[in-house]
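# Structural overview for review
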Amino acid sequence: MKTRRLGKSGIAVSAIGLGCMGMSHGYGPARPVEAMKALIHEALDQGVTFFDTAECYGPYVNESLVGEALEGVREQTVIATKCGIEIVDGKQRLDARPETIRRSLEGSLKRLKTDYVDLYYLHRVDPKVPVEEVAGVMAEFIREGKIRGWGLSEAGVKTIARAHAVCPLTA
């Protein structure tokens, strides 16, 4: 499997990644956990090293699935997960306050059974929180060794530029 570098981060990912959302959320009923772990292991056997999840997938269930499946092979993989969307009464609610992001990351690390995330995304831009504050907390996580890089999902060019000025984006 060919690999690609994510920007200037030095993070190398397989050219094909596995989005894990549909294993437990979003596209019909959740699949059996053991079958999905087997699928993740089959992807590894085929050279896939990049796995994408999010705390709101399930919610929380998908990260636990990925963490269990990758236990013992964590150092051979690249994990992307996301924060900033909470599920309240079955509906999505944006919350990108730094204290919420920090709490989210700590939960993700536990569920993923790891002490760092390779790529940590803000899942959606929260109009109530300046993106510069989000970038600031991501810079702290990088300094602390809790994440290797960060990204913005569904953000506009100006928002990306503002965030990048505070802490360079990886994706």
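Moving on to unusual backbone geometry. Here the amide bond leading from G58 into P59 is cis, since omega sits at -15°, within 30 degrees of zero. Note that P59 resides in the loop between β4 (50-52) and α2 (61-70). Phi angles above zero are rare outside glycine, and K113 is one such case at about 60°. You can see K113 is positioned in the loop between α3 (98-112) and β8 (117-122).

Here β8 lies mainly inside the structure; six of its six residues are buried. Here strand β5 (residues 78-83) runs beside β8; their pairing, made up of four bridges, is parallel. Bridging across to β8, T81 finds its partner in Y120. Of the strand pairs in this sheet, β8 and strand β9 (residues 147-152) are connected by five bridges, and their pairing is parallel. Bridging across to β9, V117 finds its partner in I147.

So, on to the packing of α2 against α3. Each pair of packed helices gets described by two things: the angle between the helix axes and the distance between those axes. Packing of α2 against α3 leaves a shortest axis separation of 7 Å and a crossing angle of 45°. On the basis of the axis angle, α2 is oblique to α3. Along its contact with α2, which presents E63, S64, V66 and G67, the element α3 presents S108, R111 and L112.

The next point concerns the nonpolar core. Core analysis: the largest hydrophobic core is formed by 38 residues, its most contacted members being I40, F51, I101, Y120, M138 and W150. Ranked by the residues each element gives to this core, the list is headed by helix α4 (residues 131-144), at seven residues. If we ignore the near neighbours within four places in the chain, the residues touching I40 are L18, C20, M23, F51, V66, A69 and L70.

A few words on the side chain of T100. Structurally, T100 can be placed in helix α3. According to the relative accessible area criterion, T100 is buried, its value standing at 2%. Apart from residues lying up to four places away in sequence, T100 is in contact with E86 and D95.

The subject of this paragraph is the packing of aromatic side chains. Applying the stated criterion across every chain yields a total of one aromatic pair. On the numbers, 6.2 Å between centres and 65° between planes, the contact of Y120 with F141 is edge-to-face. Linking Y120 in strand β8 with F141 in helix α4, this pair joins segments that are 21 residues apart in sequence. Its relative accessible area of 0% is what places F141 among the buried residues. The ring of Y116 has R74 sitting right over it, with the charged end atom 4.2 Å from the ring centre.

The sheet built from five strands is open, its strands ordered β3-β4-β5-β8-β9 with parallel pairing. One side of each edge strand has no neighbouring strand; the edge strands of this open sheet are β3 (17-19) and β9. The average undirected angle you get between the axes of adjacent strands in this sheet is 20°.

Next up on the list: α4. In this model α4 runs 20 Å from its N-terminal to its C-terminal C-alpha over 14 residues, within 8% of the 20 Å that 1.5 Å per residue would give. Of the positions making up α4, those classed as buried are V131, V134, A135, V137, M138, A139 and F141. For α4, the elements touching its buried residues are β5, α3, β8, β9 and α5 (157-166). Directly beyond the C-terminal end of α4, a positive phi value near 80° is found at G145.

Calculation criteria
Residues numbered from 1 in each chain as written. Predicted model: local features only at pLDDT ≥ 70, side-chain atom pairs only at ≥ 80, totals over all residues. Heavy atoms only, no water. Helix = DSSP H or I, 4+ residues; strand = E, 2+ residues; numbered from the N terminus. Buried < 20%, exposed > 50% of the residue type's maximum accessible area, 1.4 Å probe, protein only. Pairing = 2+ DSSP bridges. Axes fitted to C-alpha atoms, helices over the stretch in contact; angles between N-to-C directions. Parallel < 35°, antiparallel > 145°, perpendicular 65-115°, else oblique. Contact = heavy atoms within 4.5 Å. Core = buried A, V, L, I, M, F, W, Y, C linked by side-chain atoms within 4.5 Å. Phe/Tyr/Trp six-rings, centres within 6.5 Å; stacked < 30°, edge-to-face > 60°. Lys NZ or Arg CZ within 6 Å of the ring centre and 35° of its normal. Expected span 1.5 Å × (residues − 1).

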